[in-house]
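Coordinates in review
Listed below are the residues making up each chain.
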Number of protein chains: 2
Amino acid sequence: MSFSPLVDELIESLRCLPGVGSKSAQRMALQLLERDRYSAARLSKALTASLDGVGRCQQCQNLAEQDICKICTNERRNTGVICVVETPSDLMAIEQSGNFNGRYFVLMGHLSPIDGIGPEEIGIDKLLRFIAEASIHELILATNSGVEGDATALYIADLLDGSDILVTKIAHGIPVGGQLGYVDGSTLSHALAGRKPVED
Amino acid sequence: MSFSPLVDELIESLRCLPGVGSKSAQRMALQLLERDRYSAARLSKALTASLDGVGRCQQCQNLAEQDICKICTNERRNTGVICVVETPSDLMAIEQSGNFNGRYFVLMGHLSPIDGIGPEEIGIDKLLRFIAEASIHELILATNSGVEGDATALYIADLLDGSDILVTKIAHGIPVGGQLGYVDGSTLSHALAGRKPVED
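Residues numbered from 1 in each chain as written. Chains lettered and ligands numbered in written order. Predicted model: local features only at pLDDT ≥ 70, side-chain atom pairs only at ≥ 80, totals over all residues. Heavy atoms only, no water.

**A look at the side chain of A:Glu34**
With respect to the helices, strands and loops of the structure, A:Glu34 is situated in helix H2 (residues 22–35). Since its relative accessible area comes to 17%, A:Glu34 is described here as buried. The residues touching A:Glu34, leaving out its near neighbours within four places in the chain, are B:Arg56, B:Pro88 and B:Met108. (Helix = DSSP H or I, 4+ residues; strand = E, 2+ residues; numbered from the N terminus. Buried < 20%, exposed > 50% of the residue type's maximum accessible area, 1.4 Å probe, protein only. Contact = heavy atoms within 4.5 Å.)

**Details of the packing of helix H3 (residues 37–53) of chain A against helix H3 (residues 37–53) of chain B**
Following both chains from N to C, one finds H3(A) and H3(B) inclined at 145 degrees, their axes separated by 9 Å at the closest point. Here the hand of the crossing between H3(A) and H3(B) comes out left-handed. Counting all contacts with H3(A), which are made through A:Arg37, A:Ala40, A:Ala41, A:Leu43, A:Ser44, A:Leu47, A:Thr48 and A:Leu51, the residues of H3(B) involved are B:Arg37, B:Ala40, B:Ala41, B:Leu43, B:Ser44, B:Leu47, B:Thr48, B:Ser50 and B:Leu51. The residue makeup of the contact of H3(A) with H3(B), split by class, is 10 nonpolar, 5 polar and 2 charged. (Axes fitted to C-alpha atoms, helices over the stretch in contact; angles between N-to-C directions. Left-handed = near helix turned anticlockwise from the far one by under 90°. Nonpolar A, V, L, I, M, F, W, Y, C, P; charged D, E, K, R; others polar.)

**Thoughts on the pattern of salt bridges**
All names here are of chain A. This model, assessed by the stated rule, comprises 8 salt bridges over all chains. Between Glu34 and Arg35 there is a salt bridge, and its shortest N-O distance comes to 3.8 Å. Classification of Arg35 by relative accessible area gives exposed; the value is 60%. (Salt bridge = Lys/Arg side-chain N within 4 Å of Asp/Glu carboxyl O.)

**Things to note about the packing of aromatic side chains**
All names here are of chain B. What the rule picks out here adds up to 3 aromatic pairs over all chains. Summarising the aromatic geometry, the rings of Phe105 and Phe130 are spaced 6.5 Å apart at their centres and angled 45 degrees between planes, so their arrangement reads as tilted. Here Phe105, found in strand S4 (residues 103–106), pairs with Phe130, found in helix H6 (residues 124–134); they are 25 residues apart in sequence, far enough to count as distant. Here the two residues Phe105 and Phe130 agree in accessibility, since each one is buried. (Phe/Tyr/Trp six-rings, centres within 6.5 Å; stacked < 30°, edge-to-face > 60°.)

**Topic: the nonpolar core**
Residues A:Leu14, A:Leu17, A:Leu139, B:Leu14, B:Leu17 and B:Leu139 are the most contacted members of the largest nonpolar core, which totals 113 residues. Once you skip the residues sitting within four places of it in the chain, B:Leu14 turns out to touch A:Leu17, A:Leu43, B:Val20, B:Ala25, B:Met28 and B:Ala29. (Core = buried A, V, L, I, M, F, W, Y, C linked by side-chain atoms within 4.5 Å.)

**Examining the side chain of B:Glu86**
Locating B:Glu86 in the fold gives a position in the loop between strand S3 (81–85) and helix H5 (88–97). We note that B:Glu86 is buried and unpaired, the nearest opposite charge coming from A:Arg35 at a distance of 7.7 Å. (Lys, Arg positive; Asp, Glu negative; His and termini not counted.)

**Quick notes on the relation of the copies chain B and chain A**
Each copy superposes on the other: chain B lies on chain A with an RMSD of 0.1 Å after a rotation of 180 degrees and an axial shift of 0.0 Å. Here the transformation between the copies is reduced to the relation of a two-fold axis. The C-alpha atom lying nearest the rotation axis in chain B is that of B:Ser44; the distance is 2.2 Å. In this assembly, 100% of the residues forming the interface of chain B have copies in chain A that are likewise at the interface, indicating an isologous arrangement. (Least-squares fit on C-alpha atoms with pLDDT ≥ 70 in both.)

**So, the sheet that holds strand S5 (residues 138–141) of chain A**
Residues and elements named next belong to chain A. In spatial order, the strands read S4-S3-S5-S6; together these 4 strands make up an open sheet with parallel pairing. Here the strands that pair on one side only, and so sit at the sheet edges, are strand S4 (103–106) and strand S6 (166–169). Pairs of neighbouring strands in the sheet enclose a mean axial angle of 25 degrees, with direction left out of account. Both strand S3 (residues 81–85) and S4 contribute to a ladder of 4 bridges, which runs parallel. Bridged to Val85 within S4 is Val106. Its contacts with the sheet place helix H5 (residues 88–97) against S3 and S4, and it is angled at close to 160 degrees to S4. Docked against the sheet, helix H7 (residues 147–159) engages S3, S5 and S6, running at close to 165 degrees with respect to S5. (Pairing = 2+ DSSP bridges.)

**Observations regarding the interface of chain B and chain A**
Interface size is often expressed as the accessible area that is lost when the parts come together. On the side of chain A, 53 residues touch chain B, which itself brings 53 residues to the contact. Summing both partners gives a buried area of about 5000 Å² for chain B against chain A, and 71% of it is carried by carbon and sulfur. Where chain B touches chain A, the interface holds 2 salt bridges. Where A:Glu9 meets B:Arg42, a salt bridge forms, and the shortest distance between an N and an O atom there is 2.9 Å. Counting every contact that joins chain B to chain A gives 13 residue pairs in polar contact (both at pLDDT 80 or more). (Buried area = accessible area lost by both parts, 1.4 Å probe. Polar contact = N/O pair within 3.5 Å; in protein donor to acceptor, adjacent residues only side chain to side chain.)

Below is the structure:
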């Protein structure tokens, strides 16, 4: 027993969303059809429009509606620094912190040989071309901490070994407002290893 | 700072889904655009198709692609019994239990005067017409337990008071496999009040 074919197809389609199982998908489909047809139409339209209109920036690989994204073409930004992140949402998080004024390069993933993701898949060649064209003085590695993220950062740092570009990595340690008692051991080790002299 | 206008609109549209906040919506939008454009196109199509094709059964108010739904027109079903439920997913749950062979009436909600939902909004007039036309002998009330659901059930039962239709209500008690120690007091009270003599 099932709903009508169209409702079944809608439920099945909703399951492609991350974190949505069959029960949630059913709830979403029924809510849209019973109570919120306006939003359903809007969602359908937004999906089509963004599929048609959103591609990737040819320079930094970020999601963009133009060939080159707004951050890359912004002349007010510091063109001497590139920050390497894994995903557009990492980029967004850094943008929202408001403390970085350089440009980005979005890997759209991290090295993961077991899944067949090598340097080519994450656009390392594009990154090197970008670095060469932009004549930067610093490359900030802001990949996620974790085995794959760290390996990706190391790989990129190795590639630039011997060049005169300063390669840095963002700090890992205790989050601001975090309490030592609730922080995991690995983070604490990083925080201890990354200690700095107290400045007056 | 935000993503491009199209991506922002997609994120905003995804927030209409129940249980989806701004962070989840962002995650969904980026996943669809970065990795799963095929599913996004499928979802958009399914939304449009079901908005165009799915309406309500004119007899039982269930979601249906035809004027009268498949359950109402199924000649193998017992036409003498109608089970009143609040939503299509309640109907589906009873169908999946496989123990009911009558027809349904879907209220699409429950009486809730404070939200402006009276007998007309949940289609009580349609229910009475359906009952009269179908010449049933039993009406099963399967509204959710809770103040509004119980009030709705009582209201319908009152309307049929004096007719020769048997009005019943599904049993509330301990779930099968449930442990007494973990069941809430209200359910236990219902279970005790609804006790039955042990049959040999």
